[in-house]
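Observations on the three-dimensional arrangement
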Amino acid sequence: MNGQDCIFCKIIKGEIPANTIYEDGEFKVILDVNPASKGHALILPKEHYADIYEIEEDVAGRAMKLAKKLACHMTNVLSCDGFNLIQNNHEVAGQTVFHFHLHLIPRYVGDKNADLLRYTSETFTPEEMKVICDSLKL
Ligand code: AMP
Ligand code: ZN
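Overview of the structure.

Reading guide: rules and limits
Residues numbered from 1 in each chain as written. Chains lettered and ligands numbered in written order. Predicted model: local features only at pLDDT ≥ 70, side-chain atom pairs only at ≥ 80, totals over all residues. Heavy atoms only, no water. Helix = DSSP H or I, 4+ residues; strand = E, 2+ residues; numbered from the N terminus. Buried < 20%, exposed > 50% of the residue type's maximum accessible area, 1.4 Å probe, protein only. 1 Å grid on protein atoms, 1.4 Å probe; cavity = no way out; pocket = protein on both sides within 12 Å on 5 of 7 lines; lining within 4 Å. Points joined across faces, edges and corners; volume = space filled by probe spheres on them. Nonpolar A, V, L, I, M, F, W, Y, C, P; charged D, E, K, R; others polar. Polar contact = N/O pair within 3.5 Å; in protein donor to acceptor, adjacent residues only side chain to side chain. Contact = heavy atoms within 4.5 Å. Pairing = 2+ DSSP bridges. Axes fitted to C-alpha atoms, helices over the stretch in contact; angles between N-to-C directions. Donors = N, O, S within 2.8 Å, 3.2 Å for Na, K, Ca; no water. Tetrahedral: all angles 85-135°; square planar, octahedral: opposite > 155°, others 65-115°. Near = heavy atom within 4 Å. Areas by Shrake-Rupley, 256 points an atom, 1.4 Å probe, with all protein chains shown as cover. Sits in = over half its atoms within 2 Å of the grid points.

This part is about unusual backbone geometry. Although it is not a glycine, serine 79 sits at a positive phi angle of roughly 50°. Along the polypeptide, serine 79 turns up in the loop between helix H2 (57-78) and strand E4 (82-86). A relative accessible area of 53% places serine 79 in the exposed class. Phi angles above zero are rare outside glycine, and histidine 90 is one such case at about 75°. Taking the relative accessible area as the measure of exposure, histidine 90 reaches 38% and is therefore partly exposed.

Listed below in structure tokens is the structure:
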């Protein structure tokens, strides 16, 4: 999909309203309409890239730099106790809006989402781990 029917492209163009906390020439940062916690925000590149596979490396790098800045700022303002950065790609990984975005999720001691990232581990034999490791070496 290009950006034509993309809800985030519409937000970036101002066709759909959003609570914007930061904007520059390259990014817009909005509050998530279904926040996992108080302050849950999304970094949106203004250019439409579907996901991590499509986004240009330099843009992804600058998005992460902005995430670092905002995580520090939001932690100061919100007095949260920790922070999750989440970025989903493809439906199987939980992506629902197919315009690259980085979730900024402030975390609070005792918040409702203790299991936000908790997973059941899979088991691999040492041999299987070695095969996986060898196959992934860069
Ligand atoms: P993901 O599941 O990683 O693709 O995340 C998409 C996120 O976008 C979800 O957390 C939604 O709550 C959020 N979202 C969807 N529509 C809007 C909107 N119009 N304004 C703000 N956030 C939105
Ligand atoms: Zn888009």
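Considering only enclosed or pocket space, the largest pocket measures out at about 370 Å³ in volume. Taken together, 20 residues line the largest pocket, and the ones lying closest to its centre are Phe8, Asp32, Val33, Leu42 and Val97. Broken down by secondary-structure element, the contributors of at least two residues to the lining of the largest pocket are helix H1 (7-13) and strand E2 (27-31). The leading source of residues in the lining of the largest pocket is H1, at three residues. Residues belonging to the lining of the largest pocket are distributed by class as follows: 10 nonpolar, nine polar and one charged.

Let us now look at the side chain of histidine 103. Note that histidine 103 resides in strand E5 (residues 102-107). In terms of polar contacts, histidine 103 uses its side chain to reach the side chain of histidine 40, at 2.8 Å. Not counting residues up to four positions away in its chain, the partners in contact with histidine 103 are Asp32, His40, Ala41, Leu42, Asn84, Leu85, Ile86 and Asn88.

Pairing in this open sheet of five strands is antiparallel, and the strands run E1-E2-E3-E5-E4 from one edge to the other. Looking along the sheet, the strands with just one partner apiece sit at the ends: strand E1 (20-23) and E4. The sheet shows a mean angle of 20° between the axes of neighbouring strands, direction not considered. Note: E1 against E2, three bridges, orientation antiparallel. Paired with tyrosine 22 across the bridge in E2 is valine 29.

We now examine the coordination of the zinc ion (ligand 2). Around the zinc ion (ligand 2), the protein supplies Cys6 (SG), Cys9 (SG), His48 (ND1) and His99 (ND1) as donor atoms, at distances of 2.0 to 2.3 Å. Note that the zinc ion (ligand 2) binds four donor atoms; their angles at the metal cover 104 to 118°, and the shape is tetrahedral.

Neighbouring ligand 1 are 16 residues, the closest being Asp32, Asn88, Gly94, Thr96 and His103. Glycine 94 is positioned with one of its backbone polar atoms (N or O) 2.9 Å from an oxygen atom of ligand 1. In the complex, the protein chains occlude 85% of the 500 Å² of accessible area that ligand 1 would expose alone. More than half of the atoms belonging to ligand 1 lie within 2 Å of the grid points that define the largest pocket. Secondary-structure elements contributing two or more residues to the shell around ligand 1 are H1 and E2. Sort the elements by how many residues they give to the shell around ligand 1 and H1 lands first, with three residues.

This is a description of form; function is not addressed.
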